[in-house]
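For reference, the chains in residue letters:
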Amino acid sequence: AQKITQTQPGMFVQEKEAVTLDCTYDTSDPSYGLFWYKQPSSGEMIFLIYQGSYDQQNATEGRYSLNFQKARKSANLVISASQLGDSAMYFCAMREPRYNFNKFYFGSGTKLNVKP
Amino acid sequence: NAGVMQNPRHLVRRRGQEARLRCSPVKGHSHVYWYRQLPEEGLKFMVYLQKENIIDESGMPKERFSAEFPKEGPSILRIQQVVRGDSAAYFCASSLSSYNEQFFGPGTRLTVL
């Protein structure tokens, strides 16, 4: 089974509007972490936001917020007030503890296009 | 800026040649991870190393790929006799300990002609 599923290969959003990028995950471990990364066309991986499995509140970082629904195993990224510079690939990732380290699993990504 | 450094950023090799990718972790980090990103896909874990030791290589192809992280110097991911299917972006990450946050480098884009 896929550890991380991103079902939206591509999304369009109008500048200044909000957009939600979907992510579901699969784990039986009670302790895990969820991440979102942005990958612009230049290729680097830019960390956006983190949610721990025990965190009670949804994580927020500026215009980014993570809609964490633990029972549904979903961790959707919400970008408010989209900007042209938000156009990029977005990857959801899960950090799962193994016996001696944290292993990362990445989804296949969502390509976001922000229209002026 | 003492972030994760990778070089080269772009590497072109012909089929059958060797590719050597280097990763210098964040200063003070002794844990290094390599990931591969095939075109149109997410990153996939390859190998986790500590200084002089391979801890987990469950994501490494069984042949032609090897990784090392010597006591001194950068971590090296080595691909022998490259094939077109090796064309990908290879990312390195480092962490302070095995359970701390991983910081990603900018990646090396390997193109096999």
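Given the structure is predicted, the values throughout are model-derived calculations rather than measurements.

Trainee: Mind showing me how you'd approach the side chain of N76(A) here?
Mentor: Residue and element names in this part refer to chain A. Its location among the elements puts N76 in strand β9 (residues 74-79). A polar side-chain atom of N76 sits 2.9 Å from the main-chain amide nitrogen of C23. Excluding residues that lie within four positions of it along the chain, N76 makes contacts with T20, L21, D22, C23, W36, S65, L66 and N67.

Trainee: Explain the nonpolar core to me, please; I cannot follow it from the model alone.
Mentor: Core analysis: the largest hydrophobic core is formed by 26 residues, its most contacted members being Y25(A), W36(A), I49(A), L77(A), Y90(A) and L112(A). The set of elements that each furnish at least two residues to this core consists of β2 (10-14), β3 (19-21), β5 (33-39), β6 (46-52), β8 (64-69), β9, β10 (88-97) and β12 (110-115) of chain A. Those residues in contact with L77(A) that lie beyond four places of it in its chain are V19(A), T20(A), L21(A), W36(A), L48(A), I49(A), Y64(A), S65(A) and Y90(A). If you look at the next biggest cluster of nonpolar residues, it comprises 23 residues, including F69(B), L77(B), Y90(B) and C92(B).

Trainee: How should I be thinking about the sheet that holds strand β7 (residues 65-68) of chain B in this particular structure?
Mentor: The pairing of strands in a sheet comes from backbone hydrogen bonds and takes either a parallel or an antiparallel form. All names here are of chain B. Overall, antiparallel pairing links the four strands, which are arranged β1-β3-β8-β7 in an open sheet. Lying at the two open borders of the sheet, with one neighbouring strand each, are β1 (5-7) and β7. Across the sheet, the mean angle separating the axes of adjacent strands is 15° when strand polarity is ignored. Taken together, the three bridges between β1 and strand β3 (residues 19-24) define a ladder with antiparallel strand orientation. Looking at the pairing, M5 lines up with S24 of β3.

Trainee: Just checking my understanding: could you explain the pairing of β7(B) for this structure?
Mentor: The two faces of the sheet receive side chains in turn, since in a regular strand these alternate between them. Alternating residues of β7(B) divide into F65(B) and A67(B), all buried, and S66(B) and E68(B), none buried. The turn joining β7(B) and strand β8 (residues 75-79) of chain B, which pair antiparallel and follow one another in sequence, is formed by six residues; a positive phi near 95° is taken by G73(B).

Trainee: What is the right way to look at unusual backbone geometry in this model?
Mentor: Excluding glycine, most residues fall at negative phi; most peptide bonds, likewise, are trans. Cis geometry is adopted by the peptide bond preceding P8(B), which originates at N7(B) and carries an omega value of -5°. Residue placement: P8(B) occurs in the loop between β1 and β2 (10-13).

Trainee: For this particular structure, what's the right way to read the layout of surface pockets?
Mentor: Taking a probe equal in size to a water molecule and rolling it over the atoms shows the remaining empty space. By volume, the largest pocket is sized at about 420 Å³. Lining the largest pocket are 19 residues, with Q39(A), M89(A), Q37(B), P39(B) and E40(B) positioned closest to its centre. Secondary structure elements with two or more residues in the lining of the largest pocket: β10 of chain A together with β9 (88-95) and β11 (108-112) of chain B. Tallied by class, residues from the lining of the largest pocket come to nine nonpolar, six polar and four charged. There is about 280 Å³ of room inside the second largest pocket. Looking at the second largest pocket, it is lined by 16 residues, and the ones nearest its centre are Q2(A), F106(A), G107(A), L43(B) and K44(B). Mapped by element, the contributors of at least two residues to the lining of the second largest pocket are β1 (4-5) and β11 (102-106) of chain A together with β5 (43-50) of chain B.

Trainee: Can you help me understand the packing of aromatic side chains in this one?
Mentor: A ring pair, where both rings are aromatic, is described by two values, the distance of the centres and the angle of the planes. Summed over the entire model, instances satisfying the criterion amount to 15 aromatic pairs over all chains. Here the aromatic rings of F104(A) and F104(B) are separated by 6.3 Å at their centres, their planes lie at 85°, and the arrangement is edge-to-face. Residue F104(A) is found in strand β11, and its partner F104(B) is found in strand β10 (residues 103-104); the two belong to separate chains. Relative to Y35(B), the ring of F106(A) has its centre 5.9 Å away and its plane inclined at 80°; by these criteria the two rings are edge-to-face. In this pair, F106(A) sits in strand β11 while Y35(B) sits in strand β4 (residues 31-37), so the two residues belong to two different chains.

Cut-offs applied
Residues numbered from 1 in each chain as written. Chains lettered and ligands numbered in written order. Predicted model: local features only at pLDDT ≥ 70, side-chain atom pairs only at ≥ 80, totals over all residues. Heavy atoms only, no water. Helix = DSSP H or I, 4+ residues; strand = E, 2+ residues; numbered from the N terminus. Polar contact = N/O pair within 3.5 Å; in protein donor to acceptor, adjacent residues only side chain to side chain. Contact = heavy atoms within 4.5 Å. Core = buried A, V, L, I, M, F, W, Y, C linked by side-chain atoms within 4.5 Å. Buried < 20%, exposed > 50% of the residue type's maximum accessible area, 1.4 Å probe, protein only. Pairing = 2+ DSSP bridges. Axes fitted to C-alpha atoms, helices over the stretch in contact; angles between N-to-C directions. 1 Å grid on protein atoms, 1.4 Å probe; cavity = no way out; pocket = protein on both sides within 12 Å on 5 of 7 lines; lining within 4 Å. Points joined across faces, edges and corners; volume = space filled by probe spheres on them. Nonpolar A, V, L, I, M, F, W, Y, C, P; charged D, E, K, R; others polar. Phe/Tyr/Trp six-rings, centres within 6.5 Å; stacked < 30°, edge-to-face > 60°.

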